[in-house]
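# Commentary on secondary and tertiary structure
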Amino acid sequence: MLPKQPNNTTLQFMKQKICVTVLAAIFILSAGYSYAVTKSSTGSGNWSTAATWSPAGAPIAGDSVIVNNGHTITMDASGASYCSGLNINQGGTVTWPANSTNKLNISSSITINGLLDMVGDIGIASGKPINLGATGTLNWNPMTNTSAGATLFTNGIENFSPTSTLIILKWYDFTVPLGSVISSNFGNVTLNSVRGGNTIVEWNQNNWFQTRSILGTLTVADAWITLDKSGSITNTSIGGIVLNTTNSTFYGLYGNSAGSFTLNTGSIANNGGTFLGLTDGTGNIALNVTGNITNSGNFKLINNSGILNVGNGNASITVGGTFSQTAGDSRFIYNSTTINSGIFTASINNMAISAGVFMGQYGIHNAGGTCTFNITNNLSLSSANSADIFRVIALTNISSNVNTAKLNFNIGGNLTINGHPNAEFTSSAGAGTETVTVGGNVNIFNGLNSFNYSTNAIAAHANSLSITGNFTQTGGNTFLSRLAGIHSLQVTGAFSLSAGVVAIKSSVGASNGNIDGNMQVSGGFLYLHNNAVEVTADPCTLTVNGTFTHSNGNITFDDNISNSSAQHWLILKGNTCTLSGAAIMTHAGAGS
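Residues numbered from 1 in each chain as written. Predicted model: local features only at pLDDT ≥ 70, side-chain atom pairs only at ≥ 80, totals over all residues. Heavy atoms only, no water.

## Considerations on the overall build of the protein
Here is the rule: The way it works is that DSSP assigns letters per residue, a run of H or I at least four long becomes a helix, a run of E at least two long becomes a strand, and they are numbered from the N terminus. For every residue, the accessible area (1.4 Å probe, protein chains only) is compared with the maximum for its type, and the residue is labelled buried under 20%, exposed over 50%, or partly exposed between those bounds. Should any heavy atoms of two residues lie within 4.5 Å, those residues are counted as being in contact. In these tables, accessible area is a Shrake-Rupley quantity obtained with a 1.4 Å probe, and a residue counts as shielded only by the protein chains included in the view. Residues scored as charged are limited to Lys and Arg (positive) and Asp and Glu (negative), so that His and the chain ends carry no count. Think of each charge as sitting on NZ of Lys, CZ of Arg, CG of Asp or CD of Glu.
Within the protein, the secondary structure is distributed over two helices and 56 strands. Seen along its three principal axes, the alpha-carbon backbone of the protein occupies a region of about 160 × 50 × 40 Å. Counting the 592 residues in the protein, one finds 51% classified as buried. Within the protein, residue pairs in contact and separated by at least 24 positions form 71% of the contacts whose partners lie at least 6 positions apart. In the structure as shown, the protein presents an accessible area of about 23,100 Å², 53% of it carried by carbon and sulfur atoms. Once the 17 positive and 19 negative side-chain charges of the protein are each reduced to a mean point, those two points are 21 Å apart.

In structure tokens, the structure reads:
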């Protein structure tokens, strides 16, 4: 017999029962499982607070997290937190409370366009991307300062924007260069190398910044940063260099170079720290700065701290902006240990020194080379202290070894000297010949200013001074050729003296001066030859092609009383010669 067929009412009931059973099964399965969602911050608050997020609820593993502009998300004080991806928008912040042991575990990626203030702990799965955006800042100050706590760097694949900021306040091992665990170029980088709370130690980057370039600014904070000690450095570019404090130390190369190396940067700001290009090693250095150098600390291109047979290379520096100094000590070459120092070549757009010590070459060079110093525009010296010194070639001798470096010093614009009356300007204290040219005016208001000078007479050398513009002195003491040697002076413009002392020649050696413009002496003392002790048999001649006016002050042919002094000449070729007032023209001895 055939089975009885269900009626329509029975069929409808069976369908409803099946639907209820399926829905119940789905509910039972889903009751033990949470779907991954995107959690977006609704305001500032704690990570684990449900109301901090939309949709409500603390993020869990698998969730993507977005921290929005103006929101600060604070991690829990302890335990562990999880998410798949973390995206901090511009203006957003993720931070940890003080002494937090909470670790944020990320399985997918990190994108930072705001601030990740990493004062707790964080970890990321191996091979996952870490994106530090154009407005992003990563402040690295982990609670667990070990290699296990640094997986953000050791595990991640970094991509840093050129305008991003990475701040390293702690590092787990200062024998590990930062660039060795970063797979990207850098934007702005701030480095600290403090161990044990207050001890600054050297952090050698082992030339990694040559291949992992710093495209922004390298700020050396409480740190001693060395670019390379292996000698492999050849050409490294850094967007800018800042030495933040007196605790900031930067070495380009510490030790020997295979030959030469070049450091390129946009600017250098040394705020009381120590900047050494090449220290205690052999080789040459070239520093190219497209912008400005500002110094109030210790700045040296080649430095020898007292080690034999090193520091003998050549130094080159190019500054596209202004080299300014408000304190401290700058020397292109500093080597007071060996007797075969190199030479320097400098090309600087503008130079302004208001305090401290500046020296081009402080060493003993014995190979007959020439130090070349070109200032495209103006050199301004406004020294505030009696101990302030400006010398281009600065060292005369070490024992019997004499510095024979020559000098070619060119100023395209004006030379202005002002400030303390005992502050020193010296062109060359070496024994090599010197040539100084000034394309603009020479304006002297004060100071103790010397060409061809050292306290040791063995530095005597021939020198020439050529001024395209005017020479004007209203104070100070200026010696145009202070030691022995042939001297020449050319002033294309006018010559004016109203106060102070100008000595054209102050030792033996013929001097020949020529003034194409007008000459006016309205005060002060002008000496053709100025040496009351040393008698010279060499004539000093000064020719004036323009008008001559002597209304006050003293013109002395020779202040030596010896009757055997040479005959000196003041030759006036202009149409007008005016002598008036309290003007004095004299000779100390019986000579003419």
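## Structural notes on the nonpolar core
Note the following rule: Here, nonpolar core refers to any group of buried Ala, Val, Leu, Ile, Met, Phe, Trp, Tyr and Cys residues whose side-chain atoms link them within 4.5 Å.
In this structure, Trp 171, Leu 178, Phe 373, Phe 390 and Phe 409 are the most contacted members of the largest nonpolar core, which totals 122 residues. Take this core: its biggest share by element is five residues, from strand β31 (residues 344-353). Core analysis: the second largest hydrophobic core is formed by seven residues, Tyr 362, Ile 364, Ile 389 and Leu 395 among them.

## Here we look at unusual backbone geometry
Put simply, Ser 54 and Pro 55 share a cis peptide bond, and its omega is -5 degrees. Take Pro 55: it is sitting in the loop between β3 (53-54) and β4 (64-67). Backbone geometry places Asn 99, a non-glycine residue, at a positive phi of 65 degrees. The phi angle at Asp 280 is positive, at roughly 50 degrees, despite the residue not being glycine. Locating Asp 280 in the fold gives a position in the loop between β25 (274-279) and β26 (284-289).

## Focus: the packing of aromatic side chains
Just so we agree on the cut-off: A pair of aromatic rings is counted whenever rings of Phe, Tyr or Trp (Trp by its six-membered ring) have centres within 6.5 Å, and the orientation is called stacked for planes under 30 degrees apart, edge-to-face for over 60 and tilted otherwise.
Evaluated as defined, the whole model comprises 28 aromatic pairs. Arranged with centres 5.2 Å apart and planes meeting at 80 degrees, the rings of Phe 332 and Phe 358 form a pair that is edge-to-face. One end of the pair, Phe 332, is in strand β30 (residues 329-335); the other, Phe 358, is in strand β32 (residues 357-363), with 26 residues separating them in the sequence. Of the two residues, Phe 332 and Phe 358, neither departs from the other in class, the shared state being buried. The structure contains a cluster of three or more aromatic residues connected by ring pairs, namely Phe 250, Phe 275, Phe 299, Phe 323, Phe 332, Phe 344, Phe 358, Phe 373, Phe 390, Phe 409, Phe 425 and Phe 451.

## Here's the deal with the pattern of salt bridges
Applicable threshold: Whenever Lys or Arg places a side-chain nitrogen within 4 Å of a carboxyl oxygen from Asp or Glu, that contact is recorded as a salt bridge.
Taken as a whole, this structure holds three salt bridges when the rule is applied. Where Glu 202 meets Lys 229, a salt bridge forms, and the shortest distance between an N and an O atom there is 3.1 Å. Here Glu 202, found in strand β18 (residues 202-204), pairs with Lys 229, found in the loop between β20 (223-228) and β21 (235-243); they are 27 residues apart in sequence, far enough to count as distant. Between Glu 424 and Arg 391 there is a salt bridge whose closest N-O contact spans 2.6 Å. A residue pair is termed long-range when its members are at least 10 positions apart, and Glu 424 in strand β40 (residues 424-428) and Arg 391 in strand β35 (residues 389-393) qualify at 33 residues. Look at Glu 424 and you get buried, because its relative accessible area is 19%.

## A word on the confidence of the model for the protein
Put simply, the rule reads: Along the chain, pLDDT gives the predictor's confidence residue by residue, from 0 to 100.
Predicted confidence across the protein gives a mean pLDDT of 93, with 94% of residues reaching 70 or more. Below pLDDT 50 for its whole length, residues 9-33 participates in one contact with residues either more than four positions away or in separate chains.

## Considerations on the layout of surface pockets
The gaps left among the atoms become clear once a water-sized probe is rolled over them. The condition is simple: The distinction between a cavity and a pocket rests on a 1 Å grid over the protein atoms alone: a 1.4 Å probe fits inside a cavity but cannot get out, while a pocket stays open yet meets protein on both sides within 12 Å along at least five of seven lines, and a residue with an atom within 4 Å of a point counts as lining. Grid points are joined across faces, edges and corners, and a volume is the space filled by probe spheres set on the points. Polar here means any residue other than Ala, Val, Leu, Ile, Met, Phe, Trp, Tyr, Cys and Pro, which are nonpolar, and Asp, Glu, Lys and Arg, which are charged; Gly is therefore polar.
Each pocket or cavity is described by its volume, and for the largest pocket that value is around 200 Å³. Residue lining of the largest pocket: 15 residues in total, with Arg 391, Glu 424, Tyr 453, Ser 454 and Thr 455 positioned closest to the centre. Looking at the lining of the largest pocket, the elements with two or more residues in it are β40 and β43 (448-450). In terms of residue count, β40 provides more of the lining of the largest pocket than any other element does, three residues in total. Broken down by class, the residue content of the lining of the largest pocket amounts to seven nonpolar, five polar and three charged.

## A word on the pairing of strand β29 (residues 315-325)
Stated precisely, the cut-off is as follows: Two strands qualify as a pair provided that DSSP identifies no fewer than 2 bridges between them.
Here β26 pairs with β29 via five bridges, running parallel. Paired with Asn 288 across the bridge in β29 is Thr 318. Both β29 and β31 contribute to a ladder of nine bridges, which runs parallel. Within β31, the residue paired with Phe 323 across the bridge is Met 351.

## Considerations on the side chain of Glu 434
The following threshold applies: Within 3.5 Å is the distance limit for a polar contact, defined as a pair of N or O atoms, with the added protein rule that one can donate a hydrogen and the other accept it, and that residues adjacent in sequence qualify only through two side-chain atoms.
Relative to the helices and strands, Glu 434 is located in strand β41 (residues 434-438). No salt bridge is formed by the buried Glu 434, whose closest oppositely charged neighbour, Lys 505, lies at an N-O distance of 9.5 Å. Side-chain polar atoms of Glu 434 contact the side chain of His 461, separated by 2.7 Å. Those residues in contact with Glu 434 that sit more than four places away from it in its chain are Leu 407, Ser 427, Ser 428, Phe 451, Asn 452, His 461, Ala 462, Asn 463 and Ser 464.

## Considering the environment of Phe 425
Along the chain, Phe 425 falls in strand β40. Each C-alpha atom, one on Phe 425 and one on Ser 399, is 24 Å from the other, the two residues being 26 residues apart in sequence. Setting aside chain neighbours within four positions, we find Phe 425 in contact with Leu 381, Phe 390, Phe 409, Ile 417, Leu 448, Asn 449, Ser 450 and Phe 451.

## Details of the environment of Asp 280
On the basis of relative accessibility, which here comes to 13%, the residue Asp 280 falls in the buried class. Spatially, the C-alpha atoms of Asp 280 and Ser 305 are 6.4 Å apart, while their sequence positions differ by 25 residues. Residues contacting Asp 280, with those up to four places away along its chain left out, are Tyr 254, Gly 255, Asn 303, Asn 304, Ser 305, Ile 307 and Val 310. Within the structure, Asp 280 has its side chain in polar contact with the side chain of Ser 305 (distance 2.7 Å).

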